[in-house]
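These are the residues of each chain, in order.
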Amino acid sequence: MRMDEQPRTTWTTDRPANRWVAQPAYHGRRPDLRLGARNQHVERIVGPAGDRLAVHHPVRTATAEYTILLNAPEWFGHKAVGDALRDAVAELRAIDLTYGPTRPESLVSRLRRGEISADSYPPLADLVDRCAAMRAATDGWFDAWAVPGGFDPGGLLGGWAVERAAARLRAAGIHDYAVLTGADLVVRGHAAHGGPWRVAVHHPTDGRRPPMVLEMTAGAVGTSGVTGRRGHVVDPHTGEPAEHLVAATVVGPDLAVADAYATALYAAGPAGLSWFHSGSDYRALLADHR
């Protein structure tokens, strides 16, 4: 994998700078989260970390799997932590039921059949608007309308769901958390050990290579191909499986956007690096067949 050669992004004021860690500095330090690893992708938390309450909670819906990690001051209380967790889990389950494109009665399926308009429900309108914005931002390489059967937001739906669940945690007063789905994640604050979240991004095909490590206190990582899965992204211009890259990873403030960018970059190949200009809040990491 390699980073594109653009200047490092300056993050907005509520999103402290995240940084890639040089391998010598990382040596011997355990990552908190792993993306693309052959074994586990989350280091399990057992019990409280010092004076903090730490939680590791897996969530399975009919179409996706998530992991929520959070920690809060001991004074916050077990009940408040439990209530915040339940609210975030409920949001993930509600999105699966309400917007899942494989569910015949979901809003997305009803939209595809012409039974409702996007403006019928504000969250659905937001989802459609995001897909349209990403189609424009990627020169059509992310296109939720270029799939059999019509509109399918699957390329960013998981990231959108995670961001909405994360917003529930923040609303409940949780400021230190990570929410993952597959090889995508969003984090804020600090891990239970008190430092930034350490995210190890493993090479998708060569397990002997040391991972690239990102220290994060706010932001998201969207990936495509990092798990080694092939043929999951289709070139919207030809309808054929995309084969330009082995994997694409995008880091930025919002997971729905990062996820859509990663999908589009995987389809477009290195030509897609032009989307990440010097003023962009999003940065790309890719692995090609060389």
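Report on the accompanying structure. For clarity, every value in this text was computed on a predicted model and none was experimentally measured.

1. Some remarks on the environment of D129
Here is step 1: Within the secondary structure layout, D129 lies in helix α4 (residues 122-137).
Here is step 2: For D129, a relative accessible area of 52% gives the class exposed.
Here is step 3: Along the primary structure D129 and A118 are separated by eleven residues, whereas in three dimensions their C-alpha atoms are 9.0 Å apart.

2. A short note on the packing of α4 against helix α5 (residues 154-171)
Here is step 1: Following both chains from N to C, one finds α4 and α5 inclined at 130°, their axes separated by 11 Å at the closest point. What the angle tells us is that α4 and α5 run oblique. Helix-helix and strand crossings are classified by hand; for α4 and α5 the assignment is right-handed. Mapping the contact onto sequence places P123, D126, L127, R130, C131 and M134 in α4 and L156, L157, W160 and R164 in α5.
Here is step 2: Partitioned by chemical class, the residues of the contact of α4 with α5 number seven nonpolar, no polar and three charged.

3. Points about helix α2 (residues 78-99)
Here is step 1: With 22 residues, α2 should reach 32 Å at 1.5 Å per residue; the first-to-last C-alpha distance of 31 Å fits that figure.
Here is step 2: In the core, the buried residues of α2 are packed alongside β4 (52-60), β5 (65-73), α3 (107-112), α4 and α5.

4. Some words on the packing of aromatic side chains
Here is step 1: In total, this model carries seven aromatic pairs according to the counting rule given.
Here is step 2: For the ring pair Y99 and W160, a centre distance of 5.2 Å and an interplane angle of 85° mean the geometry is edge-to-face. One end of the pair, Y99, is in helix α2; the other, W160, is in helix α5, with 61 residues separating them in the sequence.
Here is step 3: With a relative accessible area of 7%, Y99 lands in the buried category.
Here is step 4: With a relative accessible area of 2%, W160 lands in the buried category.
Here is step 5: Centre to centre, the rings of Y261 and Y282 are 5.6 Å apart; their planes meet at 50°, and the pair counts as tilted. Residue Y261 is found in helix α6 (residues 255-268), and its partner Y282 is found in the loop between α6 and β12 (283-288); the two are separated by 21 residues along the sequence.

5. Describing α5
Here is step 1: Under the 1.5 Å per step criterion, the end-to-end length of α5 is 26 Å for 18 residues, consistent within 8% with the ideal 26 Å.
Here is step 2: Burial in α5 covers these residues: L156, L157, G159, W160, A161, V162, E163, A165, A166 and L169.
Here is step 3: Positioned one or two residues after α5, G173 has a phi angle of 95°, which is positive.

Conventions we followed
- Residues numbered from 1 in each chain as written.
- Predicted model: local features only at pLDDT ≥ 70, side-chain atom pairs only at ≥ 80, totals over all residues.
- Heavy atoms only, no water.
- Helix = DSSP H or I, 4+ residues; strand = E, 2+ residues; numbered from the N terminus.
- Buried < 20%, exposed > 50% of the residue type's maximum accessible area, 1.4 Å probe, protein only.
- Axes fitted to C-alpha atoms, helices over the stretch in contact; angles between N-to-C directions.
- Parallel < 35°, antiparallel > 145°, perpendicular 65-115°, else oblique.
- Left-handed = near helix turned anticlockwise from the far one by under 90°.
- Contact = heavy atoms within 4.5 Å.
- Nonpolar A, V, L, I, M, F, W, Y, C, P; charged D, E, K, R; others polar.
- Expected span 1.5 Å × (residues − 1).
- Phe/Tyr/Trp six-rings, centres within 6.5 Å; stacked < 30°, edge-to-face > 60°.

What is shown is where atoms sit, not what they do.
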